[in-house]
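Coordinate inspection notes
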Amino acid sequence: MGDDAELTAAVLAAQNGDETAFRAVYRSVHPRLLGYVRTLVGDLDAEDVTSESWLQIARDLERFSGDADRFRGWAARIARNRALDHIRMRGRRPMAVGDETELTGRAAESDTAGEAMEALATGRTFDLIARLPQDQAEAVVLRVVVGLDAKTAAETLGKRPGAVRTAAHRGLRKLAELLGEDPDTAGALDALPAQRGPRGRVLPSGGVTHAGAPTQKDM
């Protein structure tokens, strides 16, 4: 079975009370979910907020219905809600979110979705993501790190899929610029593992602007 099939089976088994299966679900989803929460609340509080999210996931798991993709989206929505609650309780506001009406949805000549970044697991790269506008940072992490498709990411953020695609595209281009300026992370977009595109299609790894890169519509 592929990774998604294994996660779908593990979620179903966990819903039936299999603790080993729940641990497998946690190991599969937690690192990426933690990365997303870090985008929202920062390093200091990310572990606590993500732990609270998992408590809710475990409590509500029996009411979940769907496959691996839907589970990742469901978990991300829970984590986002917990993060925003945390921000409100601490009296802090998240970084300003761009007006999605400004996102035209126009495809660029090349796109960096295929350069999906396992390198985002490094703290340094997440520091760079924190420098992006909030809408771009969330879109990049949900699409590239958590692995959501545009529709599921849009549901998580309460936006249109086209707006999320554009925000992710702009965020990835800006991140590539930031990585190029930082000698410690300049190679982070190179030699990355292939990522799945629409309908399971494998997207290429490698340079950010190589010829034949997938268009924004592929994100």
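Report follows, based on the coordinates. Position numbers for residues count from 1 along each chain, tracking the sequence in the order it is written. Given that the model is predicted, a residue must reach a pLDDT of at least 70 before its local features are reported, and side-chain atom pairs must reach 80 or more before they are shown or counted; all residues, however, enter totals for whole chains, interfaces and linings. The side-chain numbers reported here are obtained from all heavy atoms of the structure, hydrogens and water having been left aside.

**Here we look at the pattern of salt bridges**
In the sections that follow, a salt bridge refers to a side-chain nitrogen of Lys or Arg positioned within 4 Å of a carboxyl oxygen of Asp or Glu. Inspection of the entire model under this criterion finds 11 salt bridges. With its nearest N and O atoms 3.1 Å apart, the salt bridge here joins D60 to R63. For each residue, the accessible area found with a 1.4 Å probe, counting protein chains only, is set against the maximum for its type, and the residue is called buried under 20%, exposed over 50%, and partly exposed in between. Classification of R63 as exposed rests on a relative accessible area of 63%. One network of salt bridges, with partners in common, ties together D4, D69 and R72.

**As for the nonpolar core**
V25, L33, Y36, V41, I57, F71 and L142 are the most contacted members of the largest nonpolar core, which has 52 residues in total. Labels follow the DSSP assignment, with helices taken as runs of H or I lasting at least four residues and strands as runs of E lasting at least two, numbered in each case from the N terminus. Breaking this core down by element, the ones donating at least two residues are α1 (3-15), α2 (19-41), α3 (43-60), α4 (68-89), α5 (123-129), α6 (134-146), α7 (150-157) and α8 (161-181). The element that contributes the greatest number of residues to this core is α4, accounting for 10 residues. It only takes one pair of heavy atoms within 4.5 Å for two residues to be counted as in contact. Among all residues touching V25, those that are not within four sequence positions of it are L7, A10, V11, W54 and F71. Side-chain atoms within 4.5 Å are what join buried Ala, Val, Leu, Ile, Met, Phe, Trp, Tyr and Cys residues into a set we call a nonpolar core.

**As for the packing of α6 against α7**
Only the stretch in contact is used when fitting a helix axis, every axis being a line fitted to C-alpha atoms; angles between N-to-C directions are given from 0 to 180 degrees. The interhelical angle for the contact between α6 and α7, taken along N-to-C directions, is 135°, at an axis separation of 10 Å. In this view, α6 runs oblique relative to α7, as classed from their interaxial angle. For the crossing formed where α6 meets α7, the hand is right-handed. In this structure, α6 contributes E138, L142 and R143 to the contact, and α7 contributes A150, A153, T156 and L157. All residues other than Ala, Val, Leu, Ile, Met, Phe, Trp, Tyr, Cys, Pro, Asp, Glu, Lys and Arg, Gly among them, are scored as polar; the first ten of these are nonpolar and the last four charged. Its residues placed into classes, the contact of α6 with α7 shows four nonpolar, one polar and two charged. Oblique is the label for any angle not covered by the other classes, which are roughly parallel (under 35 degrees), roughly antiparallel (over 145) and roughly perpendicular (65 to 115). Left-handed describes a crossing whose near helix is turned anticlockwise from the far helix through less than a right angle; right-handed describes the clockwise counterpart.

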